[in-house]
Structure formats: C-alpha cells, structure tokens
Amino acid sequence: MRFSHSPLIARVCRAKKQTDVSLKLKKVDQVSYKTTYVNKVTAQKEWVIVDAENQVLGRLASKVAKLLRGKYKPSFTPFEDCGDNVIIINAEKVVLTGNKLTDKLYTRHTGYPGGQRHTSPAAVLKVHPERVIEHAVRGMLPKNRLGRAVLKNLHLYAGTEHKHEAQQPKVIDLNSLN
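Here we summarise the structure given alongside this text. (Residues numbered from 1 in each chain as written. Predicted model: local features only at pLDDT ≥ 70, side-chain atom pairs only at ≥ 80, totals over all residues. Heavy atoms only, no water.)

## Comments concerning the nonpolar core
Alright, step 1. Among the nonpolar cores identified, the biggest contains 30 residues, and Val64, Val86, Ile88, Ile133, Val137 and Leu154 are the most heavily contacted of them.
Alright, step 2. Mapped onto this core, the elements with two or more residues apiece are β1 (47-51), α2 (57-69), β2 (85-89), α4 (121-127), α5 (130-138), α6 (145-151) and β5 (154-156).
Alright, step 3. Of all the elements, α2 adds the most residues to this core, at seven residues.
Alright, step 4. Ignoring any residue separated from it by four or fewer positions in sequence, one finds isoleucine 133 in contact with Ala52, Leu57, Leu60, Ile88, Ala91, Val94 and Leu156. (Core = buried A, V, L, I, M, F, W, Y, C linked by side-chain atoms within 4.5 Å. Buried < 20%, exposed > 50% of the residue type's maximum accessible area, 1.4 Å probe, protein only. Helix = DSSP H or I, 4+ residues; strand = E, 2+ residues; numbered from the N terminus. Contact = heavy atoms within 4.5 Å.)

This is the structure we're talking about:
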C-alpha cells in the first residue's frame, strides 16, 4: 500500500506492520487555542491622570488615544471599549512645535451659505484650551460609534484641579510609554 501523506508516517506504519495511518495521527485540543475577548462587563478600566505641561500636542494625543482604546493592555479587543478613563490636566500648557501655533487653521462650518470659519490654535488656547487636545485626540480615534463612545472617557481640564478624586486615579508619565 502506498502512503501519500509523509514518508516518516509511512516508515513508522511499515515498521509496526500497520496499514492504517489514521491511528497514528493525534487530535489537537482545540479548546486551548480559542481566543478570548473582553466585553463591557469583563473590561478592567482604570482611571489615569496625564499632565500635559510642556508636552508636544501630537505626541500627547497619540499616546492618550492609545490609552483610551486600551492598546497598551494585553487583553485589547478592537471592537470593544476596553481602554482606561484618562484625565488630562494643564491643557493650557501644551506645546505646538514650529509655527503651528499661528499658521495652523481649524476649519468649521456654521451650516449657512458662506459660513466657513477658520481659527488658529493660539485663539482657541486663549478661550477654550481643552478643545485643542480634544480635536487632536478625536482625529486619532475611529470615526464610528466606538470612537464616539471612547472619547467620552476623556476628561480635560485647563488647570491642575479636577473633579475625579473619588475614582483614585493614578498618575502616568507619558514619556515612559511607547
């Protein structure tokens, strides 16, 4: 009898005078290779504080977006909100490199004909310093209902005071994250 599987199995079967190759193949336990996913109940969400003082805006926003999505966790699930709740303090002390403070423009539309409005980050920082970081982080999150849900876990404050002391947040140094 000819074996079409592999020469090694054929030799073993011939040596033991057995012609049934299927007796020699072992079954793999399929349960041990199952991927586990995190859901809303099993997600271990933490509260963290990030100090934005002297942080470059884009680098700060990309690391905060990763924290919000939960990409630093080994149990990351791409279709669930499994990230941490992030509190950003000192939002008015964020740094923009180069001439972006004056040359960059945020564009919005009022909804009326000819209603396109442009604003520089310098003008936004004077009135609402949190919105500069929020705009940058929102651009780095998914553009769907998951992204909108994840953005609700971001809490921005211009000064050092915040109202989330009851959650006992831990302070994170962004420079130590990858």
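Read on, since the account is not over.
## Brief notes about the pairing of β2
Alright, step 1. Most of β2 sits out of view: five of its five residues are buried.
Alright, step 2. Side chains Asn85, Ile87 and Ile89 project from β2 onto one buried face, and the interleaved Val86 and Ile88 project onto a second face that is buried too.
Alright, step 3. Where β1 lies against β2, five bridges are found, and the strand directions are parallel. Along β2, the bridge assignment pairs aspartate 51 with isoleucine 89.
Alright, step 4. Each parallel crossover has a hand, and the one from β1 via α2 to β2 is right-handed. (Pairing = 2+ DSSP bridges. Right-handed = clockwise from strand over helix to strand, strands pointing away.)

## Describing the pairing of strand β4 (residues 116-119)
Consecutive side chains of a regular strand alternate in pointing toward one face of the sheet and then the other.
Alright, step 1. Summarising the sheet, strand β3 (residues 106-109) and β4 pair through four bridges and their orientation is antiparallel. Bridged to tyrosine 106 within β4 is threonine 119.
Alright, step 2. In sequence, β3 turns back onto β4 through a hairpin of six residues, with glycine 111 there showing a positive phi of about 105°.

## Focus: the packing of aromatic side chains
Alright, step 1. On inspection of all chains with the given rule, the structure shows one aromatic pair.
Alright, step 2. Pairing tyrosine 37 with phenylalanine 79 gives two aromatic rings, centres 5.3 Å apart and planes at 55°, and the pair type is tilted. One end of the pair, tyrosine 37, is in the loop between α1 (7-15) and β1; the other, phenylalanine 79, is in the loop between α2 and β2, with 42 residues separating them in the sequence. (Phe/Tyr/Trp six-rings, centres within 6.5 Å; stacked < 30°, edge-to-face > 60°.)

Nothing here speaks to function; it is geometry throughout.
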